[in-house]
Amino acid sequence: MEKRPLSFARDIRPLFREIDIAHMSPMAVLLDDYAYMSNPDNATLVYEYLDGTKQPRMPIRGPYWSDEQLKLYSDWMAGGRQP
């Protein structure tokens, strides 16, 4: 059975809580917008805040993403950031 590619709508968007989206949108970080998130620079920047490479780590005050969630996001980016 062939593995289907990761999808922003199906696999990534649900990882972001509504409070995270609301908190980041005034800063023009559009976590629920595929056009924004599919941009390689934006996707990488968001990832760096999620994994703590950049500070403050997101989401502010946690709960922080699990290793599994971070891998899913990383795999989505590596797979071409599919919609």
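Since the model is a prediction, treat every value here as computed from it, not as a measurement. (Residues numbered from 1 in each chain as written. Predicted model: local features only at pLDDT ≥ 70, side-chain atom pairs only at ≥ 80, totals over all residues. Heavy atoms only, no water.)

A look at the overall build of the protein chain
Phase 1: For the protein chain, the helix and strand inventory stands at five helices and zero strands.
Phase 2: Going from the N terminus to the C terminus, the protein chain shows its helices and strands as α-α-α-α-α.
Phase 3: A compact globule built from 83 residues should have a C-alpha radius of gyration of about 12 Å, and the protein chain, at 12 Å, falls within 12% of that.
Phase 4: If you line up the protein chain on its principal axes, its C-alpha atoms span 40 × 25 × 20 Å.
Phase 5: Each of the 83 residues in the protein chain was classed as buried or not, and the buried ones make up 33%.
Phase 6: When the accessible surface of the protein chain is summed, it comes to about 5300 Å², and 54% of that surface belongs to carbon and sulfur atoms.
Phase 7: Each charge sign in the protein chain was given a centre, from 10 positive and 12 negative side chains, and these centres are 2 Å apart. (Helix = DSSP H or I, 4+ residues; strand = E, 2+ residues; numbered from the N terminus. Rg over C-alpha atoms; globule rule 2.2 N^0.38 Å. Buried < 20%, exposed > 50% of the residue type's maximum accessible area, 1.4 Å probe, protein only. Areas by Shrake-Rupley, 256 points an atom, 1.4 Å probe, with all protein chains shown as cover. Lys, Arg positive; Asp, Glu negative; His and termini not counted. Charge placed at Lys NZ, Arg CZ, Asp CG, Glu CD.)

Let's talk about the nonpolar core
Phase 1: Residues F16, L31, M37, V46, Y73 and W76 are the most contacted members of the largest nonpolar core, which totals 20 residues.
Phase 2: Those elements that place two or more of their residues in this core are helix 1 (8-12), helix 2 (18-24), helix 3 (34-37), helix 4 (40-50) and helix 5 (67-78).
Phase 3: Setting aside residues up to four positions removed in sequence, V46 forms contacts with F16, V29, L31, M37, M58 and Y73. (Core = buried A, V, L, I, M, F, W, Y, C linked by side-chain atoms within 4.5 Å. Contact = heavy atoms within 4.5 Å.)

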